[in-house]
Amino acid sequence: GEDVEQSLFLSVREGDSSVINCTYTDSSSTYLYWYKQEPGAGLQLLTYIFSNMDMKQDQRLTVLLNKKDKHLSLRIADTQTGDSAIYFCAESMGNNDMRFGAGTRLTVKP
Amino acid sequence: NAGVMQNPRHLVRRRGQEARLRCSPMKGHSHVYWYRQLPEEGLKFMVYLQKENIIDESGMPKERFSAEFPKEGPSILRIQQVVRGDSAAYFCASSPSAGGSYEQYFGPGTRLTVT
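Residues numbered from 1 in each chain as written. Chains lettered and ligands numbered in written order. Predicted model: local features only at pLDDT ≥ 70, side-chain atom pairs only at ≥ 80, totals over all residues. Heavy atoms only, no water.

Draft legend 1. Local environment of the overall build of chain A. Summing up its helical and strand segments, chain A has zero helices and eleven strands in all. Its helices and strands in sequence order give chain A the pattern β-β-β-β-β-β-β-β-β-β-β, from N to C terminus. Each of the three principal axes of chain A carries a C-alpha extent, and together these read 40 × 30 × 20 Å. In chain A, which comprises 110 residues, the proportion classed as buried is 45%. Once local pairs closer than 6 in sequence are excluded, the contacts in chain A between residues at least 24 apart make up 55%. Of the roughly 5,400 Å² of accessible surface on chain A, 46% is carried by carbon and sulfur atoms. In chain A, which carries 11 positive and 14 negative side-chain charges, the distance between the mean positions of the two groups comes to 3 Å. (Helix = DSSP H or I, 4+ residues; strand = E, 2+ residues; numbered from the N terminus. Buried < 20%, exposed > 50% of the residue type's maximum accessible area, 1.4 Å probe, protein only. Contact = heavy atoms within 4.5 Å. Areas by Shrake-Rupley, 256 points an atom, 1.4 Å probe, with all protein chains shown as cover. Lys, Arg positive; Asp, Glu negative; His and termini not counted. Charge placed at Lys NZ, Arg CZ, Asp CG, Glu CD.)

Below, the structure written as structure tokens:
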């Protein structure tokens, strides 16, 4: 396919882990990103990973990359209500052409 | 250091009117990108500009849309003779340099509603 694909919705309970999945399109993509969008706000970069890495961890966030399957995931440990937002996966070859998925709306229930 | 600023945050236009969206990049950033987000969709790239230059406008509709980033002042995205299908959120992002891992810093967006 030509699009970066993500499931549209995810619901978890507070304290649980959230895993948001993404399938990207271009095996030559160099950078893969996760952005967070809160209601009425712009996108905030959470983390990015180079395509030559398998995993990146940053506090509660863990990014896993399966380059063979072109699959990217974002795991949020100990999910909090403040994590409720839309999460966008994006790919880039390091130029101005950045392609975004449609976003996964994460709802965290108390 | 103020972030990327966009104004207005909300804009309502009647069909046939013109919409002007403004974007002030972060201080020290000379690269500006415009994206459009339709409901329930991801962001679609529209145009990439540097000061006084359009570098890539491959995502911009051929008619009615134009963008500029003058030497002084904000970047402007202009939509002439708006139609209902132009209703969307328009996001501006800036970066200090193109390419590499330099992330793009996004503004809060302008939500355009065409009635």
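Draft legend 2. Summary view of the sheet that holds strand E1 (residues 5–7) of chain B. Residue and element names in this part refer to chain B. The sheet built from four strands is open, its strands ordered E1-E3-E8-E7 with antiparallel pairing. The sheet is open, and its two borders are formed by E1 and strand E7 (65–68), each paired with just one other strand. Going from strand to strand, the sheet's axes swing by 15° on average, the running direction of each strand aside. Here E7 runs beside strand E8 (residues 75–79); their pairing, made up of four bridges, is antiparallel. Of the residues in E8, the one forming a bridge with Ser 66 is Arg 78. (Pairing = 2+ DSSP bridges. Axes fitted to C-alpha atoms, helices over the stretch in contact; angles between N-to-C directions.)

Draft legend 3. Here's a closer look at the state of the cysteines. Residue and element names in this part refer to chain A. Enumeration according to the criterion identifies two disulfides over all chains in this entry. Two residues share a disulfide in this structure: Cys 22 and Cys 89, whose sulfurs sit 1.9 Å from each other. Between Cys 22 and Cys 89 the disulfide shows an S-S torsion of about -60°. By sign, it is left-handed. Of this pair, Cys 22 sits in strand E3 (residues 18–23) while Cys 89 sits in strand E9 (residues 85–92); the two residues are 67 residues apart in sequence, bridging distant segments of the chain. Since its relative accessible area comes to 0%, Cys 89 is described here as buried. (Disulfide = S-S within 2.5 Å.)

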